Every structure is written in C-alpha cells, then in structure tokens.
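So you can see what is in the structure, the chains are spelled out below.
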Amino acid sequence: GVGVSGTDVYVCDHHSHRIQVFRLSGQFRSTFGSFGSEHGQLSYPSSVAVDQNGSVIVTEYGNDRLSVFDSYGRFKMCFGEEGNDLGQFLSPNGVSICLPDVNHRTSHVKFYVCDAWNHRLQMLEMIL
C-alpha cells in the first residue's frame, strides 16, 4: 500500500513490518515500525492512508487492527481487534480516507476499511 501527503510518500514494507517514507523525488526520508503487537509495532502492514492533519493510518493484516502515527512515525493510537463485530477485523487489507470539504476544517476523520476475511467494507469515523 502507498499513501501520499504533500511531498511525502508512505510505503508499506509488508514483510519487513515497517513503513518507509520517501520524498516525491524518490529520496529516502525515514522508516518506522518493527515486527510485533505492542503499540507502535506492526505485523504485515498492508495499506496506508494519510488524513488532512497528517495522521498516518496503517492497516495491519497480522494484528487485525489499524495503527495511527503522526507524520514523523510517532505512535498515536491503535484500534480494532480480531473479530466480526463493528470495529473488529479479520485481516484488514485496505484503508481509504474520505476527506471533508476543504472549507470545513475538522478533527473528525471518516474512513473506509476493507475487512478481508469478514468480506465487508467498514465505515468508521473518529477523532484523530
């Protein structure tokens, strides 16, 4: 998965359990994440999206959750767990952010998550 924000490109490095960050020019900027299930760790990141405030949302196929980082890769929060209720996931593998009207600045973020093994698309709204 790939997400773009301003001049930065965020790339899921699925088998290395991290996110790599590049400039639009292709120049390497940074990396964040490592294998695991603790806060700030990733397990098979599969997609990434960046909201209007610079929060980086990563789906984790291996941890059945979404993790949120700031634009520098500092952990902010995670949510979700294995299951089939609302807000629970079985191998989430895609995320897309529904950006608000450019004239309406808000901290509420609405996004869609592809929930692979539950065979559904979940729409979530959160304050990030």
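Worth saying up front: this structure is predicted, and the values here are computed from it rather than measured.

J.: Tell me what's going on with the pattern of salt bridges, and back it up with residues and numbers.
T.: Scanning all chains against the criterion turns up six salt bridges. When the shortest N-O distance is used, the salt bridge between aspartate 70 and arginine 74 registers 2.6 Å. On the basis of relative accessibility, which here comes to 52%, the residue arginine 74 falls in the exposed class. Close ionic contact of aspartate 115 with arginine 120 constitutes a salt bridge, the shortest N to O distance being 2.8 Å.

J.: I'd love a proper account of the nonpolar core, names of residues and values included.
T.: Membership of the largest hydrophobic core comes to 13 residues, with the highest contact counts inside it found for Ile57, Leu66, Phe79, Val95, Phe111 and Val113. Broken down by secondary-structure element, the contributors of at least two residues to this core are β7 (65-69), β9 (92-98), β10 (108-115) and β11 (120-127). The greatest single-element share of this core, amounting to three residues, is contributed by β10. In this structure, phenylalanine 79 is in contact with Arg65, Leu66, Val68, Phe89, Phe111, Leu124 and Met126, ignoring residues within four places of it in sequence. Formed by eleven residues, the second largest nonpolar core is a distinct cluster that contains Tyr10, Val21, Phe32 and Val56.

J.: Tell me what's going on with the sheet that holds strand β1 (residues 2-5), and back it up with residues and numbers.
T.: Pairing is antiparallel in the open sheet, where four strands are placed in the order β1-β2-β3-β4. Every other strand in the sheet has two partners, leaving β1 and β4 (28-32) as the edge strands with one partner each. Strand-to-strand, the axes of this sheet are offset by a mean angle of 20 degrees, without reference to chain direction. By the bridge criterion, six bridges tie strand β2 (residues 8-13) to strand β3 (residues 18-23) in an arrangement that is antiparallel. Looking at β3, one finds that tyrosine 10 is bridged to valine 21.

J.: How would you summarise a nonpolar patch on the surface if you had to cite specific residues and measurements?
T.: Taken together, the side chains of Phe35, Tyr44, Tyr61 and Trp117 define a hydrophobic patch exposed on the protein surface, amounting to about 450 Å² of accessible area. The topology assignment puts tryptophan 117 in the loop between β10 and β11.

J.: Give a detailed account of the packing of aromatic side chains, specifying residues and quantitative values.
T.: Inspection of the entire model under this criterion finds four aromatic pairs. With 5.7 Å between their ring centres and 75 degrees between their planes, phenylalanine 22 and phenylalanine 28 make a pair best called edge-to-face. On the accessibility criterion, phenylalanine 28 (44% relative accessible area) is partly exposed. Relative to phenylalanine 111, the ring of phenylalanine 79 has its centre 5.9 Å away and its plane inclined at 55 degrees; by these criteria the two rings are tilted. Of this pair, phenylalanine 79 sits in strand β8 (residues 75-79) while phenylalanine 111 is found in strand β10, placing the two residues 32 residues apart along the sequence. The exposure class of phenylalanine 111 is buried, given its relative accessible area of 0%. Ring pairing ties together the aromatic residues Phe32, Phe69 and Phe75, which thus form one cluster.

Parameters and conventions
Residue numbers restart at each chain and count upward from 1, following the sequence in its written direction. Given that the model is predicted, a residue must reach a pLDDT of at least 70 before its local features are reported, and side-chain atom pairs must reach 80 or more before they are shown or counted; all residues, however, enter totals for whole chains, interfaces and linings. Hydrogens are left out, water is left out, and the side-chain values use all remaining heavy atoms of the structure. Every case where a carboxyl oxygen of Asp or Glu lies within 4 Å of a side-chain nitrogen of Lys or Arg is listed as a salt bridge. Exposure categories follow from relative accessible area, calculated using a 1.4 Å probe and restricted to protein chains: below 20% of the type maximum is buried, above 50% is exposed, and the middle band is partly exposed. Put simply, a nonpolar core is a bunch of buried Ala, Val, Leu, Ile, Met, Phe, Trp, Tyr and Cys residues held in one set by side-chain atoms that sit within 4.5 Å of each other. Helix and strand assignments come from DSSP, with helices taken as H or I runs of at least 4 residues and strands as E runs of at least 2, each series counted from the N terminus. The contact criterion used throughout is that any non-hydrogen atoms of two residues lie within 4.5 Å. Pairing between two strands is assigned when DSSP locates at least 2 bridges connecting them. The convention used is that axes are lines fitted to C-alpha atoms, helices contributing only their stretch in contact, and that angles between N-to-C directions extend from 0 to 180 degrees. To count toward a patch, a residue needs a relative accessible area above 30% and no salt bridge. Like charges then connect within 9 Å, nonpolar side chains (Val, Leu, Ile, Met, Phe, Trp, Tyr) within 5 Å. The Shrake-Rupley method, run with a 1.4 Å probe, gives the accessible areas here. Residue values count only the displayed protein chains as cover. Here a Phe, Tyr or Trp ring, Trp counted by its six-membered ring, pairs with any other such ring whose centre lies within 6.5 Å, and the pair is stacked when the planes are under 30 degrees apart, edge-to-face when over 60, and tilted otherwise.

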